[in-house]
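Spelled out from the first residue to the last, the chains are:
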Amino acid sequence: MWLPLLGMLLGFAVGVLAGWEIPDEYSNYLSIAILAAFDTLIGGWRAHLQRTYDELVFITGFFFNIILATTLTFLGIHLGVDLYLAAVFAFGVRLFQNIAIIRRLWLAEWAERRQNREKS
Amino acid sequence: MLEWKKRLSFVIVAAVFGVMLAVELRTTMPSEERDTRDIWELRADLTKEQQLEQQLLEELEDYEEKLRHYQEKEAAGGGAALEATVAELREEAGLTEVKGSGIVLMIAPFSTADYVGPVTATVSPELLQRLVNELNKYGAREIAIGGERLTNRTAIRDINGITNVGRRPIRLPVEVKAIADDVDKLYSGLAVSPIRDDFIVENLELSISKPKSVIVIPPSTERPDVKYMETASAGKEEK
């Protein structure tokens, strides 16, 4: 469970130390991509807890969501409609749902453990 | 084995996410201003600061001198020091007549022999302001336009089509007087300045006199309105 967190920290450190910066105009795209990536990560975590995790679905979902979100943003900027809001909405809602499911799974596990302790 | 591979892919994706997050944060955070001045710019800045320091020190010395003066006079019981200061301030505010060496400029309508267009009757405020800037650039200390002394508060503006300096309308030809500490510098500066061409463009001719040893510039006629000061009555002061 701590391994992904460690990976993320490692990636963060690499990103900070490498000193990469993207032009300001592209920071919109990146923030939407980050939202999509975050959503996929949380989704993967939830799938792992529910034991329905599929590697292929996860990896393809990660990249496909990022590409879709940035494409929507790009289209939105060029059409003059804030299409990125669609991505923000979709990913935002899913994020909350997934986190709620993770919380419930944890709660259930915790309740079960307490019951077991009381029994013994 | 399979479980291990699964974990690895998750970790890699998480790492990619971390990199993205770091890049975004680096981009959106305001980067600190880098000092890119080279040695000569640093030297120039240093010189500027030193000059400022020098100026401040001089002012400080001046004020200390005044303070000492006041204290001495106070002991003697006279208001002479105060009066001297008032006179100094009046001079600074342009309320006194000033004599000194300077030059006289003349602005007159200019037209070639075959010119048939409208005759210019006034000089535009922009042009006058440009002339004043030019005079100041070459070290003019006091300036009067058409007998109106220029102070920090004098407005040069267009009122109903006629240029006014302070409250005085300017009609051509008009005389501009300037006093400078270094008249030769003022004269030679104006002689090479493109300001005369600017006047020619507006069908005006600017003639510049040779430096004169005595030029009288009248006091400002505008009364400075004092809004936030009141005269202290002698009785109040003693209480």
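Everything quoted here is computed from the prediction, not taken from an experiment.

1. As for the UniProt feature "coiled-coil region" (unreviewed entry) in chain B
Point 1. Under the present numbering, the feature "coiled-coil region" (unreviewed entry) in UniProt falls on residues 43-73 of chain B.
Point 2. Secondary structure across residues 43-73 of chain B divides into 100% helix and 0% strand, with the first and last C-alpha atoms of the span separated by 45 Å.

2. Remarks on the pattern of salt bridges
Residue and element names in this part refer to chain B.
Point 1. One pass over the structure, following the stated rule, counts eleven salt bridges over all chains.
Point 2. Of the charged contacts, one joins R68 and E65 as a salt bridge, the two residues approaching to 2.8 Å between their closest N and O atoms. Highlighted residues: R68 and E65, both in helix α2 (residues 39-76), separated by three residues, approximately one helical turn.
Point 3. Residue R68 is classed as partly exposed on the basis of its relative accessible area of 44%.
Point 4. Classification of E65 as partly exposed rests on a relative accessible area of 43%.

3. Describing the interface of chain B and chain A
Point 1. Listed by partner, the interface residues are 23 residues for chain B and 31 residues for chain A.
Point 2. Of the roughly 2600 Å² buried where chain B meets chain A, counting both sides, 78% is carbon and sulfur surface.
Point 3. It is B:F10, B:F17 and B:R26 in chain B that bury the most area against chain A; as a group they hold 26% of the surface buried on that side.
Point 4. Where chain B packs against chain A, one counts one salt bridge.
Point 5. For B:R26, the salt bridge is made with A:E21, and the minimal N-O distance between the two is 3.5 Å.
Point 6. Summed over the shared surface of chain B and chain A, the number is three residue pairs in polar contact (both at pLDDT 80 or more).

4. Examining the sheet that holds strand β4 (residues 156-159) of chain B
Strand pairing in a sheet takes place through backbone hydrogen bonds and is either antiparallel or parallel in direction.
Residues and elements named next belong to chain B.
Point 1. Pairing within the open sheet is antiparallel, and its three strands lie in the order β4-β5-β6. In this open sheet, the two edge strands, each paired with only one partner strand, are β4 and β6 (168-169).
Point 2. By the bridge criterion, two bridges tie strand β5 (residues 162-165) to β6 in an arrangement that is antiparallel. Across the sheet, residue V165 finds its bridge partner in β6, namely R168.
Point 3. Docked against the sheet, helix α4 (residues 125-137) engages β4 and β5, running at close to 170° with respect to β4.

Conventions we followed
- Residues numbered from 1 in each chain as written.
- Chains lettered and ligands numbered in written order.
- Predicted model: local features only at pLDDT ≥ 70, side-chain atom pairs only at ≥ 80, totals over all residues.
- Heavy atoms only, no water.
- UniProt positions renumbered as here; feature names shortened; annotations may be inferred.
- Helix = DSSP H or I, 4+ residues; strand = E, 2+ residues; numbered from the N terminus.
- Salt bridge = Lys/Arg side-chain N within 4 Å of Asp/Glu carboxyl O.
- Buried < 20%, exposed > 50% of the residue type's maximum accessible area, 1.4 Å probe, protein only.
- Contact = heavy atoms within 4.5 Å.
- Buried area = accessible area lost by both parts, 1.4 Å probe.
- Polar contact = N/O pair within 3.5 Å; in protein donor to acceptor, adjacent residues only side chain to side chain.
- Pairing = 2+ DSSP bridges.
- Axes fitted to C-alpha atoms, helices over the stretch in contact; angles between N-to-C directions.

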